[in-house]
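Each chain, letter by letter, is given below.
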Amino acid sequence: MPDFLLEIGCEEIPARMINAGSEELRDRVGKLLEREHLSATGAISSLDTPRRLSVLAQGIPATQPDISEQITGPSVSIAFKDGQATPAAHAFARKAGVDIARLERVATAKGEYLSAKVIKKGRASGEILSELLAKEIASIYWPKNMYWQRPSEKFVRPVRWLVAMLDDEVVPLEFDGVRAGNQSRGHRILADGQVQIPRAGSGYIETLRQVKVLGREDREQQIRQQLDKATRTISAARWREDKNLLDTVVNLTEFPYVILGNFDPEFLELPQEVLVTVMRDHQKYFAIEDVNSKLLPHFLAVLNTDGDPNGIIRHGHERVLRARFNDARFFWRTDQKHTLRVRTQWLKQVTFQKDLGSYYDKTIRVQRLSSWLAEIIRQSGMPLRPGIIHKAACLAKADLTTELVKEFTELQGIVGGLYVRVQELDPDLKDDAREAIAIAIYDQYKPESMEDSVPRTLEAAVLAIADKADTIAGMFALGLQPTGSKDPFALRRQANGIVRTIAQKTLPLSLQQLFAYARETYRGSPAEGKFSRSIDYSVAVREFFRERLEFYLKEVDKDKFRYDVVNAVLAVGSDDVVDAIARARALSSVLHLPEFLAIAAASKRMRNILRQAAEKGIKPAPAFDYLLESSHEEKNLAAYVQNNAAKIEAHRKSKEYGDALLLLSTVRERVDGFFDKVMVMVEDERLRANRLALLDTLLKEFSTIADFSEIVTESQESSKQ
Amino acid sequence: MTSPKAKSLTFQELILSLQTFWAERGCVLQPAYDVEVGAGTMAPETFLRVLGPNPYKVAYVQPSRRPADGRYGENPNRLYKHMQLQVILKPPPENVQELYLESLGAIGIDLRQHDIKFEEDNWESPTLGAWGIGWQVMLDGLEVTQFTYFQQCGGVDLDPISAELTYGLERFAAFLQDVDSIYDIAWARDPGTGKMTTYGDVRLAEEVQFSVYSFEIADVEKTWKHFELCESECRGLLEQYAALSKDKSADDGNPSNKKRFPLLGAYDLCLKCSHLFNILDARGAISVTERVGVIGRVRSLAVGIAKAYVDQQHKPLSEDKERIGEQRPNLKKKLEVAPTAL
């Protein structure tokens, strides 16, 4: 069976888009082959570089299999009149391609019909591929598409050549005026123009290697080896691992080579954050550090060529980095001419959001909100310094006016923190207080992604939460909450950040109160006039955070709770993040106990009985009464509840949810006994109301921690299947 | 101070070599446009020529003024006014990237000795309602060229597409001569005496004085007035052109009325607005909130001119087709009748 190769030759595809595009192409080819009954017997693999996306399918059938199909024709009564074939019969025979005499008859409910077996001849795979591949190429999703000629297809970058082959035969294929052949191209500089691919198959990779083109894994391996090798020339040093940067440089090269460059050690007076940002984000260099993670005056650049024997390239890279560092140093020095304190005033000129006022307005609000937060947290007994928070909040946004942040926007917050360390603030300020303010400002945007850490200190956490809550509150009040895939202000990310920070710092906070107060800080401001009248702010915020907390519990928390546990916990409340996590943890810990599962099942039953009663307008008694007619099981259960209620409540109050649940689980036998022997919905109204009261009390007792009826028990799981 | 490598091209030789290279590949060579622009893209040889269906190839050096980037001649890498070599290839040939790389050979860069990368960088100018897809070309880690396939200009979808190559001339020169400061670039070398004239000799005073002007002295009130005058005249011209288009009798009677209408003059006025805005911006006279609004005003001029220009380029017949869609059948009839009338 032949091997199939497709290579789409492009002008340089953006590094960030290559992996996804390549994967999609491979999937599309795989699915196309499957759909057309041409599934590969061997592997379907992909190879991609900045200038090509390739798919190799090993062992695909040369032709589609013939498919036999039974087709039904006219009814026998129409097809034959007086034993003679009618035109209808002839027509069907022609269509089926068989003699009338060989037509079959099938009996159906509607009578006897003519039928015939037809063989659909399989077509050659080359024919199928040349017909259908162009559409697959055109359908690949790219975040940004372009035209390069008109009228034309859109693609991520201009397509300049195509290779499409079944073994050594070209599959005639055309995409946007480019005809497929067997000519690929080698490395832009290191190879001379075109290279012939002798045949589709594993030799393809070797052919490319000869013209200095490597696949992704090979490039990554080569880069890693060379980074190691170059770093070894410096004693006690290591290159700073950076997955994103590595992915980028892998996809910027067809044949990578790493060089070690140096910079003047006097630039090390600049904070390493600044140096690393310049190297990583602007130059795509790896930083080198010593064993104590201290930056060393060297860098590693990944080239798209095979060497630099005369050091010409290294010289060029060093020159560029020197200019960049000089700029950064110039900005750093210029920025010191005005302190952050002065710059805070300048924020009046910087718009935060057109309806929400300036960054100065935001600063004032965040100051109020963070002070309020600080007080709540302090009252709970956590060690925190409100004065630090107040000062940090005041200076937090001032770095937005600095040259350094204007040039390197990704350093916002960080620059503010660094400047606090070196600038004159309050003369009375002690060093440790200065450092605490610096950290709070430095960490205020954390966590910026799922991978990022939360703010280091409590003070920083408070500032970070207040800053994000202020943004979310303002946007929601304006009616600009995220919808579907639209979240232009990244409010979901910010809300995720709040939830995670509260969780990891175990802060005793009510989200509802937080957002009520955040809304309050806008009172009387011009922004308030712009607020939406059609939105129920507190409901919208509550729903939004319920989703964020659900996401946190299922995906982010180290326990990655089961969905039914999350549903059960959030059904009872989603206002207190820490409490919700504690309940989820307790619930998860008893899930394996048969006693608990029985209770969960009983909860469902109790809930159903109570609901049905309510639907019929039957009310429970105000409280359970030990009636003469009450059965033994009934009294037994009621007594147990009475005896243990206080203990359970005590556990709950001290958030010993696990203990509370274990205690609740001990009621299982009596609940089982109750349901075995006692009928709730009896004729006797008094007895019935009394029993309903018992169930109601019990269910409420159960439901303070989680709604157990949400728990999926094994029997349900299997009945679903 | 570093001194330029003796063998490498001077600044003017660099320009001459690139111009020769592109002239040999069919480009019209134009002098720089003589109204202040912020980038080579804004010169009419790009902004207007990429519109409409006519193929065109042009190369020109464009001094580009960005008042806010002025550094009083004190920063070795930043300038109030820098020079771009702008190449427009409409439509782009299939080997446009290879041509570009060849042009680097023409200025003495042996690519086998260097590291060249095309890194994603999509260009966009909100002021011009223009954007394109492309790369920044990195030469040994230095961004030397912006390579763009224009997709839209003045809010108009382009057909054909144009490729725009913008060479940063100071960067190339400093790279080739291996100097750390732009001001140390050898601009010219007297073949007789060997005496060198540097970039600083030629341009330093300009950098200092225009920095002073833009940051300190420009009269804000008068500059605003200039802006408003240019804007209102430009808008007035656009209104006249619109009236001309609506007035069918004028059009039918004398279609050349539209052809001779000075949209080019309107575009100059729009460029002046853009430059005056840049001065006001550098002067700190435009608050952040105002900024977006003023950019919008300039854009509306640019977009209006682009649309009118496309209209003006149309041949009268196709222009009618565009404008009076419903009457197309009649036009067809006219066409069918024509041969017999002959």
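Student: Tell me about the overall build of chain A, and please be specific about residues and values.
Tutor: A count of helices and strands for chain A gives 28 helices and 20 strands. Against the globule reference of 27 Å for 721 residues, chain A gives a C-alpha radius of gyration of 36 Å, more extended than a compact globule. Over its C-alpha atoms, taken along the principal directions, chain A stretches across nearly 95 × 90 × 55 Å. The proportion of buried residues among the 721 residues of chain A is 54%. A total of about 33300 Å² of accessible surface is found on chain A, and carbon and sulfur atoms cover 49% of it. Computing the positive centroid from 102 side-chain charges and the negative centroid from 102, chain A places the two 3 Å apart.

Student: Talk me through the packing of helix 24 (residues 632-653) of chain A against helix 26 (residues 668-677) of chain A; I want residue IDs and the actual numbers.
Tutor: Residues and elements named next belong to chain A. At a minimum axis distance of 9 Å, the contact between helix 24 and helix 26 shows a crossing angle of 150°. In this view, helix 24 runs roughly antiparallel relative to helix 26, as classed from their interaxial angle. In the packing of helix 24 onto helix 26, the handedness of the crossing is left-handed. Every residue of helix 26 that contacts helix 24 at E633, E634, N636, L637 and Y640 is listed here: R670, V671, G673, F674 and K677. Across the contact of helix 24 with helix 26, the residue classes break down as four nonpolar, two polar and four charged.

Student: Kindly report on helix 3 (residues 87-96) of chain A, identifying the contributing residues and their values.
Tutor: An α-helical turn contains 3.6 residues, so a residue and the one three or four places further along point in the same direction. All names here are of chain A. Along helix 3, the residues classified as buried are A89, F92, A93 and A96. The buried residues of helix 3 occupy one face: seen down the axis, they fall within an arc of 100°. Projecting away from the buried face of helix 3 at angles above 90 degrees are the exposed residues P87, R94 and K95. In the core, the buried residues of helix 3 are packed alongside strand 4 (67-75), helix 2 (76-79), strand 6 (84-85) and strand 8 (111-120). Following helix 3 by one or two positions, G97 adopts a phi angle in the positive range, close to 75°.

Student: I'd like to hear about the sheet that holds strand 4 of chain A, residue by residue, with values.
Tutor: Residues and elements named next belong to chain A. Here three strands make up an open sheet; going across it, the order is 4-8-7 and the pairing antiparallel. Each edge of the open sheet carries a strand with a single partner, namely strand 4 and strand 7 (104-108). For this sheet the average axis-to-axis angle between neighbouring strands, irrespective of direction, equals 40°. For strand 4 and strand 8, the ladder comprises seven bridges, and the chain directions are antiparallel. Bridging from a neighbouring strand, I67 pairs with K120 of strand 8.

Student: Explain the interface of chain B and chain A to me, using residue names and the numbers behind them.
Tutor: With 42 residues of chain B in contact, the opposing surface of chain A contributes 48 residues. In this structure, E119 of chain B engages K284 of chain A in a salt bridge whose closest nitrogen and oxygen atoms are separated by 2.8 Å. On the surface where chain B and chain A come into contact, there are 25 residue pairs in polar contact (both at pLDDT 80 or more). Breaking the side of chain B that touches chain A down by element, the ones donating at least two residues are helix 3 (96-106), strand 4 (116-120), strand 6 (130-139), strand 7 (142-153), helix 4 (169-177) and helix 10 (288-313) of chain B. Ranked by residue count, the leading element in the side of chain B that touches chain A is strand 4 of chain B, at five residues. Taken together, the residues of the side of chain B that touches chain A sort by class into 17 nonpolar, eleven polar and 14 charged.

Student: Can you tell me about the packing of helix 16 (residues 458-478) of chain A against helix 20 (residues 537-556) of chain A, naming the residues and giving the values?
Tutor: A packed helix pair is summarised by two numbers, namely the angle formed by the two axes and the spacing between the axes. All names here are of chain A. Put simply, helix 16 and helix 20 touch, their axes get as near as 10 Å, and they point 125° apart. The orientation of helix 16 relative to helix 20 falls into the category oblique. Crossing angle aside, the handedness with which helix 16 passes helix 20 is right-handed. Contacts between helix 16 and helix 20 involve I472, A473, F476 and A477 from the first element and Y537, A540, V541, F544 and F545 from the second. Of the residues contributing to the contact of helix 16 with helix 20, the split by class is nine nonpolar, no polar and no charged.

The rules we used
- Just so you know, the residues in each chain are numbered from 1, in the order the chain's sequence is written.
- The lettering of chains begins at A and the numbering of ligands begins at 1, in the order of writing.
- Note on the predicted model: pLDDT of at least 70 is required for a residue's local features to be given, and 80 or more for side-chain atom pairs to be given and counted; whole-chain, interface and lining totals, by contrast, use all residues.
- Only heavy atoms go into the side-chain values, all of them from the structure, while hydrogens and water stay out.
- In this text, helices come from DSSP runs of H or I with a minimum length of four residues, and strands from runs of E with a minimum of two, each type numbered from the N-terminal end.
- Throughout, radius of gyration means the C-alpha value; the globule benchmark is 2.2 Å times the number of residues raised to the power 0.38.
- Only protein chains enter the accessibility calculation, which uses a 1.4 Å probe. A residue is then buried if its area is under 20% of the maximum for its type, exposed if over 50%, and partly exposed in between.
- Per-residue accessibility takes into account occlusion by the displayed protein chains alone, with areas from the Shrake-Rupley method and a 1.4 Å probe.
- Note on charges: Lys and Arg go in the positive column, Asp and Glu in the negative column, and His and the chain ends are not counted at all.
- The atom standing in for a charge is NZ when the residue is Lys, CZ when it is Arg, CG when it is Asp and CD when it is Glu.
- The convention used is that axes are lines fitted to C-alpha atoms, helices contributing only their stretch in contact, and that angles between N-to-C directions extend from 0 to 180 degrees.
- Note that the term roughly parallel is reserved for angles under 35 degrees, roughly antiparallel for angles over 145, roughly perpendicular for angles of 65 to 115, and oblique for everything else.
- Note: crossing handedness is left-handed where the near helix turns anticlockwise from the far helix by less than a right angle, and right-handed where it turns clockwise.
- Contact between two residues is taken to exist if any of their heavy atoms lie within 4.5 Å; hydrogens are not considered.
- Here the term charged refers only to Asp, Glu, Lys and Arg, the term nonpolar to Ala, Val, Leu, Ile, Met, Phe, Trp, Tyr, Cys and Pro, and the term polar to all other amino acids, Gly among them.
- The reported arc concerns the directions from the helix axis to the C-beta atoms and nothing else.
- Being paired, for any two strands, means DSSP has found at least two bridges between them.
- Counted as salt bridges are all cases of a side-chain nitrogen of Lys or Arg within 4 Å of a carboxyl oxygen of Asp or Glu.
- Think of a polar contact as two N or O atoms within 3.5 Å of one another; within protein, one of them needs to be a possible hydrogen donor and the other a possible acceptor, and neighboring residues in sequence only count if both atoms come from side chains.

Remember, this is a structural readout, not a statement about activity or role.
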